[in-house]
Amino acid sequence: MRRPARGEGGAESLEFLGAVPFAVIVALVLWQILVVVEQQAEAATDARVLVRDAALCDATRHPGLRDIDAGAAGGTATLTTAGGYVTVTVTLPPQAILPGADLNRLGVVPPSATVSMRHEPC
Amino acid sequence: MLVIVVVILQLLVLGGAVASLRIAAATAAGHATIAADAAAHAAVVTLTADSARDDFEITLQAGALCAIDKRQSVDGGAGQLCAAVIAAAQDAAQRNGAVIVTLQVGADPRAYVTTTAPALFDVIVETEVPGPLARLSKLCADMQQREDLCWARGWSAARSVG
């Protein structure tokens, strides 16, 4: 290993300091991706629960998204009936790990899931 | 020192890629399960709504088959109601982006001990959806160990209530 020449002392520390932000950014991006993927699974679960209820013959009052998932603030659930099928689409606002970041403006596709079930005849 | 940071970055990216694949596979499996739910439910709804269900139940109790098994090229069974049940299940699976791998319609065992109850059926469905590596068809054709990365499967069952 070469001994640092005079005046090179601390160069490695500076390189390290320069590279740390990249490592932090990569870690944050990975974390953000995991959060959005988790929300995708949450949207699928919500859509599944809602459509199972809506497909019942004797469903008199369909629960709302907030009734089944208190954490789905700002999300939307649309219910359509056609051709003997009930279809529920749940869309959640992408949750940013950094406060104040607007993922919609960054072009992140909102987590969304659609589930269809045959409507029970009465 | 820079080397350590580069190694950490590489580990982060590699770990992230592997984790993403596993998460995508788990998400696809959840998707397949939801589709299986819908298919089993559609099959039971079709059975419940059809007036020929009592005759169909007797046919099943007599040993007739009403099933799909893609692995063994079984598709269909006895009677029009069986065809309608299979069509309804396939339609429901397709609407949810999946295909049926296996489907089995059977008479509920409780129907064997009573003659007055309405016809009872059990339906078991297994579906599959493309996994995260499904587009790499050559890789998937050779892959035996990790085929869950190519095809995600889910199953569900439903029972008619008479």
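Just so it is clear, the structure is predicted and the values come from calculations on it, not from any experiment.

Rules of the game
Residues numbered from 1 in each chain as written. Chains lettered and ligands numbered in written order. Predicted model: local features only at pLDDT ≥ 70, side-chain atom pairs only at ≥ 80, totals over all residues. Helix = DSSP H or I, 4+ residues; strand = E, 2+ residues; numbered from the N terminus. Buried ≥ 20, exposed ≤ 12 C-beta atoms within 10 Å, placed from the backbone. Contact = placed C-beta atoms within 7 Å. Pairing = 2+ DSSP bridges. Axes fitted to C-alpha atoms, helices over the stretch in contact; angles between N-to-C directions. Expected span 1.5 Å × (residues − 1). Bend = angle between axes of the 7 residues up to and from the residue. Nonpolar A, V, L, I, M, F, W, Y, C, P; charged D, E, K, R; others polar. pLDDT = per-residue confidence, 0-100.

**Overview of the overall build of chain A**
When its secondary structure is counted, chain A shows 2 helices and 3 strands. Along its sequence from the N terminus, chain A presents helices and strands in the succession α-α-β-β-β. Across the 122 residues that make up chain A, the buried fraction comes to 24%. For chain A, the share of sequence-separated contacts (at least 6 apart) that also reach a separation of at least 24 residues comes to 62%.

**Structural notes on the pairing of strand E4 (residues 121-130) of chain B**
Residue and element names in this part refer to chain B. A large share of E4 lies buried, amounting to 8 of its 10 residues. Where strand E3 (residues 99-107) meets E4, 8 bridges bridge the pair, whose relative direction is antiparallel. What sits directly across from Gly106, in E4, is Asp122. Where E4 meets strand E5 (residues 151-159), 9 bridges bridge the pair, whose relative direction is antiparallel. Among the inter-strand pairings, Val123 is bridged to a residue of E5, identified as Ala158.

**Topic: the sheet that holds strand E1 (residues 76-82) of chain A**
Backbone-to-backbone hydrogen bonds pair the strands of a sheet. The strands run either parallel or antiparallel. Residue and element names in this part refer to chain A. Taking strand neighbours across the sheet as the criterion, the 3 strands line up as E1-E2-E3 in an open arrangement whose pairing is antiparallel. Both edges of this open sheet fall to E1 and strand E3 (112-118), since each of them pairs with a single strand only. Within the sheet, the average angular offset between the axes of one strand and its neighbour, ignoring direction, is 15°. Note: E1 against strand E2 (residues 85-91), 7 bridges, orientation antiparallel. Opposite Thr76, over in E2, you have Thr91 as the bridge partner.

**Points about helix H1 (residues 11-54) of chain A**
Residue and element names in this part refer to chain A. For H1, spanning 44 residues, the distance from its first C-alpha to its last is 65 Å, which sits close to the expected 64 Å at 1.5 Å a residue. Along H1, the helix axis deviates most sharply at Ala19, where the bend reaches about 25°; the proline Pro21 sits within four residues downstream. Of all the positions in H1, only Gln39, Gln40, Ala43, Ala44, Asp46, Ala47, Arg48, Leu50, Val51 and Ala54 are classed as buried.

**Brief notes about the interface of chain A and chain B**
On the side of chain B, 23 residues touch chain A, which itself brings 25 residues to the contact. When grouped by side-chain class, the residues that make up the side of chain A that touches chain B number 17 nonpolar, 3 polar and 5 charged.

**Concerning the sheet that holds E3 of chain B**
Residue and element names in this part refer to chain B. Spatial ordering of the open sheet is given by E2-E1-E3-E4-E5, a layout of 5 strands whose pairing is antiparallel. Edge positions in the sheet fall to strand E2 (74-77) and E5, since each of these pairs with one other strand and no more. Each strand axis lies, on average, 15° off the axis of its neighbour in the sheet, ignoring direction. In the packing of helix H3 (residues 79-95) onto the sheet, the strands contacted are strand E1 (66-69), E2, E3 and E4, and the crossing angle to E3 comes to about 140°.

**What about the confidence of the model for chain B?**
Per-chain confidence: chain B averages 84 in pLDDT, with 90% of residues scoring 70 or above. This prediction of the complex comes with two scores: 0.81 for pTM and 0.78 for ipTM.

**Some details on the environment of Thr27 of chain B**
Residues and elements named next belong to chain B. Checked against the element boundaries, Thr27 lands in helix H1 (residues 2-49). Given 20 C-beta atoms within a 10 Å radius, Thr27 is considered buried. Remark: the alpha-carbon pair of Thr27 and Ala152, spanning 125 residues in sequence, is separated by 8.7 Å.

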